[in-house]
Amino acid sequence: MSSVQLWTLIFVVLSFGLYIYIAYASRVTTTSGFYVAGGGIPAPANGAAIAADWMSAASFISMAGIIALSTNGYGGSVYLMGWTGGYVLLAMLLAPYLRKFGKFTVPDFVGDRYSETARLIAVVCAIVVSFVYVAGQMSGVGVVFQRFLGVNEVLGVIIGMVIVFLYAVLGGMKGITWTQVAQYSVLIVAYLIPAVAISQHLTGIPIPQVGFGQIMGELNALQAEFGLDPYTGAFANMNMLNMLLMTATLMFGTAGLPHVIVRFYTARSVRAARFSALWALFFISLLYTTAPAIGAFSKFNILNQIPGTAIGSEPGWFKSWQDVGLITVDDLNGNGIIDVAGGMGEGFELAINNDIVVLATPEIAGLPAPIIGLVAAGGLAAALSTASGLLLVISSSVANDVYYKRINPAASEARQLMVGRIAMGAAIVVAGYLGINPPGFVAQVVALAFGLGAASFFPILFLGIFWKKATAMGAAAGMAAGLATTLSYQIWTLPIYGGSDGIFGISATSFGFVGMLINFVVTIVVSQFTPAPSETMQQLVEEVRYPGRSELVAAHANGVIDDGDLELDNR
Amino acid sequence: MDASRRQEYWRRNLRLMSVLLVVWALVSFGAGIVFVEPLNNVSFMGVPLGFWFAQQGSILTFLVLIAIYVWRMDKLDAEFGITEYEEEVRGS
């Protein structure tokens, strides 16, 4: 066993031990504890948990590489702006009001505010989006185990499943939340240390956000030398229309994803929900402002070290990633030298997988073995924390929204908990299976999930709070229209299905925003012609807008007002 | 709080939100995308300004926007005498 493997093993065992200890210490016995941690998490901790929940294997492992390798550099900005800008929308438009409503799940709000039909559509959306996401996390776990510990990928996924099972099933949302706080700490330390070291090494400035400006001129010159678009050049990969639409789709999609929204139910109060959003974006921005710097530094190092190297004399890190197939060299012109002129990727002499940029940063920068081990533990923390948050959404949707609300409303607290735990266990098995046998289109589908989130959830949540006259039929029609148009457009334009150019050249990943506008229009128009919500419901919406205690909301939350009264006029 | 005070509270909340969301759109869709090419003629911290907004500036601005929102809402709550916040959470 090499020293890198030994250190990786030490960090992985230590961090996993910590997660399980935390879960044991915060195990729960009530449904409220299982679904929303009893609504008692302080804002900074909740913010860290949101950050860990939100930042997946994609953010930690892939994003810097997507910016540096998949696009010219500037093109990757859609992810940076899209995945942070959504928090402004969440903080102002959704979080405080949904927290005041005081329920367990997103379908809970949709069902109470609108109708049972709308609740069912919401349940299906929540489960589909969550499964798509969680499959990607599980395969991320497999990749890290395979590369850093030499473990078989399948065994890696199974180890991940067992760990998540232990702390998520035992501790529910309370266990997950406190574990995520620990996971955030692990992943941010693991991300920042190599970034600071590489910035210091290349520029003499230990702050990567400042340091990357120092090499940008040279990097642009290097890219020009090899015939690549300039790193900072605008609209090299994507035109302005698609940049705008995709950024908007990711922003509104972020605000519409159930596993993010549900985190605001765990805050202690409405005020704590607002502060949670602030803390969350603060913790997220530490990684999101560092990622573009890591991308630029790695691209700079790769372009400086690799082109012109004779095959057989590449640096050590290059060879070890070649061994696991994430770097491929194909000497097309047979001169025994790696040429990059003209481009990189499939069909060129050198193809580098996006995931390497972060995982190999410490090796490229020549950092010692313990830091490499720490990065592996960080990647695992990012994947596991997101997986557990998603699994909770699936479990609560099945146990609370389907089993308790639809099948057996007389179920005791203990029985609901048991159903929740069984649903969670089953979801973990399905997620693990999807992680080991990812359907070929999983990568595209993750990007598409944001479009679906934006087109289905955001408008009806927003209108449910900001427009008292939004009706049940309007919401159901709007959700169905947004979802149907977005899904059909995506299928029509994706290369693996229709491969059409679409309308105005709008790409599949950018269409979600258009679907969202359709949802808005349909909901508003249908609401004009259908019976208005009951007086009590309008009064309730009014009350949700005020952060102070109010009797109607409390009565509704405690079930004193029959849900039937609220919906009577809707039918 | 009576009905007219509530309306006043809600109106001021909406006004604050509108201002902040205009800034939100200006830095991301504006400076980061629509006006990126002219802004790129200016250099800031070693990188073209439009590029800087797209990869750093917009994220930092988002953070400041939420901070202002949280701070102003606290002040608004205090002004309207809201000291006790809803903490109830129940699923059924």
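Just so it is clear, the model here is predicted, and its values are computed rather than measured.

On to the overall build of chain B. Scanning chain B for helices and strands turns up three helices and two strands. Taken from N to C terminus, the helices and strands of chain B fall in the order α-α-β-β-α. For chain B, the residues scored as buried account for 36% of the 92 residues in total. Summarising the internal contacts of chain B: among those between residues at least 6 apart in sequence, 52% fall at separations of at least 24.

Secondary structure summary: chain A contains 23 helices and two strands in total. Taken against the 2.2 N^0.38 rule, which gives 25 Å for 571 residues, the C-alpha radius of gyration of chain A at 24 Å falls within 12% of a compact globule. Referenced to the eigenvectors of the C-alpha coordinate spread, the extents of chain A come out at roughly 80 × 55 × 40 Å. Here chain A, with 571 residues, has 61% of them falling under the buried criterion. When contacts within chain A are restricted to residue pairs at least 6 apart in sequence, long-range pairs at least 24 apart make up 82% of them.

Residues and elements named next belong to chain A. Over its 51 residues, helix α8 (residues 153-203) extends only 37 Å from the first C-alpha to the last, a length that falls short of the 75 Å expected when each residue adds 1.5 Å. Within α8, the axis deviates most sharply at Gly172, by approximately 130°. A positive backbone phi angle near 80° is found at Gly204, which sits one or two residues after α8.

With that settled, consider the confidence of the model for chain B. All names here are of chain B. Considering every residue of chain B, the mean pLDDT works out to 89; 89% of them sit at 70 or more. Mean pLDDT values for the elements of chain B range from 88 in strand β1 (residues 43-44) up to 95 in helix α3 (residues 49-79). Scoring the predicted complex yields pTM 0.90 and, for the interface, ipTM 0.93.

Among the nonpolar cores identified, the biggest contains 227 residues, and Ala51, Ala91, Leu187, Ala296 and Leu391 of chain A together with Ile66 of chain B are the most heavily contacted of them. Sorting elements by how many residues they give to this core places helix α12 (residues 270-305) of chain A first, with 21 residues. Ignoring anything within four residues of it in the chain, the contact list for Leu187 of chain A reads Ala52, Met55, Phe60, Gly378, Ala381 and Ala382 of chain A.

Residue and element names in this part refer to chain A. Running from N to C, helix α6 (residues 106-113) and helix α16 (residues 369-407) point in directions that differ by 35°, and their axes come no closer than 9 Å. In this structure, α6 contributes Pro107, Asp108 and Gly111 to the contact, and α16 contributes Ser397, Asn400, Asp401 and Lys405. In terms of residue class, the contact of α6 with α16 is built from one nonpolar, three polar and three charged.

When two helices pack together, their arrangement is captured by the angle between the axes and the distance separating the axes. Residues and elements named next belong to chain A. For the pair helix α1 (residues 3-25) and α16, interaxial distance at closest approach is 7 Å and the crossing angle is 40°. Taken together, the axes of α1 and α16 lie oblique to each other. The hand of the α1/α16 crossing is right-handed. Note on element contacts: α16 touches α1 through Ala369, Pro370, Ile372, Gly373, Leu374, Ala376, Ala377, Leu380 and Ala381, opposite Ser3, Val4, Trp7, Thr8, Ile10, Phe11, Val12 and Ser15. By residue class, the composition of the contact of α1 with α16 is 13 nonpolar, four polar and no charged.

Let's shift gears to the interface of chain A and chain B. Contacts between the two partners involve 58 residues from chain A, matched on the other side by 45 residues from chain B. Among the elements of the structure, α2 (31-36), α5 (77-101), α9 (208-225), α10 (240-256), α12 and α22 (551-557) of chain A are those that each provide at least two residues to the side of chain A that touches chain B. Counting residues per element, the side of chain A that touches chain B draws most heavily on α12 of chain A, which supplies 12 residues. Residues that form the side of chain A that touches chain B fall into these classes: 30 nonpolar, 20 polar and eight charged.

With that out of the way, let us pick up α3 of chain B. Considering bend angle alone, the principal kink of α3 of chain B is centred on Gly57 of chain B and spans about 50°. At the exit of α3 of chain B stands Gly81 of chain B, carrying a positive phi of roughly 70°.

The next point concerns the confidence of the model for chain A. Residues and elements named next belong to chain A. In the predicted model, chain A carries a mean pLDDT of 85, and the fraction of residues at 70 or more is 94%. Per-residue pLDDT, averaged within each element of chain A, yields its smallest value for helix α23 (residues 563-567) (46) and its largest for helix α20 (residues 512-529) (94). Here residues 563-571 is a poorly scored stretch, pLDDT under 50, and it has 16 contacts once near neighbours within four places are set aside; other chains count.

A separate point is the environment of Val430 of chain A. Within the fold, Val430 of chain A resides in helix α17 (residues 413-436). Once the C-alpha coordinates of Val430 of chain A and Ser388 of chain A are considered, the two residues, 42 residues apart in sequence, prove to be 13 Å apart.

The next thing to look at is the environment of Ala224 of chain A. As for its position among the elements, Ala224 of chain A is in helix α9. Residues Ala224 of chain A and Ala341 of chain A, spaced 117 residues apart in sequence, show a C-alpha to C-alpha distance of 9.6 Å.

Moving on: unusual backbone geometry. Even without being glycine, Met45 of chain B reaches a positive phi, approximately 50°. Summarising the element assignment, Met45 of chain B is placed in the loop between β1 and β2 (47-48).

A word on the environment of Ile68 of chain B. If you trace the backbone, Ile68 of chain B turns up in helix α3. Sequence separation between Ile68 of chain B and Leu20 of chain B is 48 residues, and the spatial gap between their C-alpha atoms is 8.5 Å.

Thresholds applied
Residues numbered from 1 in each chain as written. Chains lettered and ligands numbered in written order. Predicted model: local features only at pLDDT ≥ 70, side-chain atom pairs only at ≥ 80, totals over all residues. Helix = DSSP H or I, 4+ residues; strand = E, 2+ residues; numbered from the N terminus. Buried ≥ 20, exposed ≤ 12 C-beta atoms within 10 Å, placed from the backbone. Contact = placed C-beta atoms within 7 Å. Rg over C-alpha atoms; globule rule 2.2 N^0.38 Å. Expected span 1.5 Å × (residues − 1). Bend = angle between axes of the 7 residues up to and from the residue. pLDDT = per-residue confidence, 0-100. Core = buried A, V, L, I, M, F, W, Y, C linked by C-beta atoms within 7 Å. Axes fitted to C-alpha atoms, helices over the stretch in contact; angles between N-to-C directions. Nonpolar A, V, L, I, M, F, W, Y, C, P; charged D, E, K, R; others polar. Parallel < 35°, antiparallel > 145°, perpendicular 65-115°, else oblique. Left-handed = near helix turned anticlockwise from the far one by under 90°.

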